[in-house]
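Structural characterization, general
The primary structure of each chain is shown beneath.
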Amino acid sequence: MQQSRHVGPDGLDKQPWYRQSWLWFLIALPGTVVVASLFTVYIAFKNADTLVVDSYYRKGLAINQVLEQDKLAARLGVTAEVRLDAESGELFVTLNGIDTPPEQVTLLLLHPTDESRDRTLLLSPITAGHYRTDLDQQLQYRYYLRLFPEPQKEWRLAGELDFSSMNQVMLSAQ
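Residues numbered from 1 in each chain as written. Predicted model: local features only at pLDDT ≥ 70, side-chain atom pairs only at ≥ 80, totals over all residues. Heavy atoms only, no water.

Another point: the overall build of the protein chain. What the protein chain contains, in helices and strands, is 3 helices and 8 strands. Sequence-ordered secondary structure for the protein chain, helices as α and strands as β, is α-α-α-β-β-β-β-β-β-β-β. The buried share among the 174 residues of the protein chain stands at 26%. Accessible surface computed for the protein chain: about 12,400 Å², of which carbon and sulfur atoms make up 56%. (Helix = DSSP H or I, 4+ residues; strand = E, 2+ residues; numbered from the N terminus. Buried < 20%, exposed > 50% of the residue type's maximum accessible area, 1.4 Å probe, protein only. Areas by Shrake-Rupley, 256 points an atom, 1.4 Å probe, with all protein chains shown as cover.)

Shown next, in the form of structure tokens:
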């Protein structure tokens with residue numbers, strides 16, 4: 001069975017342009033690329049990276065203060081042990097090498113890639129140099145830890161802990 005083609009007396013195909021299959025094939029190739037690129041732009045804006053800081057200049061100016069906090073902690077010989085009791089949901093901090101323990105300490109839990117998982121915990125004293133807080137949710141990711149005395153933030157201790165595999169870490173001056 002032969003297909004009926006609209007061939008004119010000059011041997012050229014006389015079908016209308018919109019019935020040409022090669023034309024639609026050639027239009028579909030760049031059309032697919034345009035749709036895919038628009039979808040990629042949508043994904044990029046919907047899942048924007050939070051690693052870049054908008055106020056990079058102000059953060060840059062604060063680096064000197066952070067370096068001074070680290071130097072003071074190293075001069076004082078301050079260290080801390082952070083321990084998570086996963087069963088009770090309590091987080092404990094024990095300060096070592098300090099004569100006058102602060103009234104309270106602040107522990108920053110900074111997630112490496114997701115700013116929405118960052119946490120700020122204010123720990124209350126149990127005894128001199130020993131602090132605790134209750135957690136409202138289970139910690140299960142890797143975090144960078146920063147420990148400051150309250151109310152003045154004169155020194156800083158830092159470390160890293162993956163709560164999915166470990167429950168304690170020693171913090172020291174960087």
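Applying the stated criterion across every chain yields a total of 5 aromatic pairs. Judged by centre distance (5.9 Å) and plane angle (65°), the rings of Tyr143 and Phe163 are edge-to-face. Highlighted residues: Tyr143 in strand β6 (residues 142–150) and Phe163 in the loop between β7 (157–162) and β8 (168–171), separated in sequence by 20 residues. Grouped by ring-pair contacts, the aromatic residues Trp17, Tyr18 and Trp24 constitute a single cluster. The side chain of Arg117 reaches across the aromatic face of Tyr141, ending 3.9 Å from its centre. (Phe/Tyr/Trp six-rings, centres within 6.5 Å; stacked < 30°, edge-to-face > 60°. Lys NZ or Arg CZ within 6 Å of the ring centre and 35° of its normal.)

With that settled, the discussion passes to the pairing of strand β5 (residues 130–134). Burial of the side chains of β5 is restricted to one face: Tyr131 and Thr133 are buried, whereas none of His130, Arg132 and Asp134 on the reverse face is. Here strand β2 (residues 90–96) pairs with β5 via 5 bridges, running antiparallel. Note that in β5 the partner of Thr94 across the bridge is His130. As defined by bridge partners, strand β4 (residues 119–127) adjoins β5 across 3 bridges and the pair is classed as antiparallel. Paired with Thr127 across the two strands is His130, which belongs to β5. (Pairing = 2+ DSSP bridges.)

Here the focus is the pattern of salt bridges. This model, assessed by the stated rule, comprises 5 salt bridges. Residue Glu90 is joined to Arg132 by a salt bridge in which the shortest nitrogen-to-oxygen separation is 2.7 Å. Here Glu90 is found in strand β2, whereas its partner Arg132 is found in strand β5, with 42 residues between them in sequence. Of the residues examined, Arg132 reaches a relative accessible area of 24% and is grouped as partly exposed. One connected set of salt bridges, linked through shared partners, spans Glu90, Arg132 and Asp134. (Salt bridge = Lys/Arg side-chain N within 4 Å of Asp/Glu carboxyl O.)

Okay, the sheet that holds β8 next. An order of β7-β6-β3-β4-β5-β2-β1-β8 is seen for the 8 strands of this open sheet, with the pairing classed as antiparallel. Strands at the two margins of the open sheet, each flanked by one partner only, are β7 and β8. Averaged over all adjacent pairs, the angle separating strand axes in this sheet is 25°, with direction ignored. In this sheet, β7 lies alongside β6 in antiparallel orientation, the contact comprising 6 bridges. Among the inter-strand pairings, Arg142 is bridged to a residue of β7, identified as Asp162. (Axes fitted to C-alpha atoms, helices over the stretch in contact; angles between N-to-C directions.)

Judged by nonpolar contacts, the single largest core of 25 residues is most densely connected at Leu95, Leu107, Leu109, Leu145, Leu147, Leu157 and Leu171. For this core, the secondary-structure elements that each account for two or more residues are β1 (79–85), β2, β3 (104–110), β4, β6, β7 and β8. Ignoring sequence-local partners within four residues, the contact set of Leu107 consists of Val82, Leu91, Arg119, Thr120, Leu121, Leu123, Leu145, Arg146, Leu147 and Leu171. (Core = buried A, V, L, I, M, F, W, Y, C linked by side-chain atoms within 4.5 Å. Contact = heavy atoms within 4.5 Å.)

Counting all residues, the mean pLDDT for the protein chain is 82, and 86% of those residues have values of 70 or more. When pLDDT is averaged over each element of the protein chain, helix α1 (residues 21–46) comes out on top at 92 and helix α2 (residues 56–61) at the bottom at 63. (pLDDT = per-residue confidence, 0-100.)

As a further point, take the pairing of β2. With 6 of 7 residues buried, β2 lies mostly within the body of the structure. One ladder, built from 7 bridges, connects β1 with β2; its direction is antiparallel. Its bridge partner being in β2, Leu84 is matched across the sheet by Leu91.

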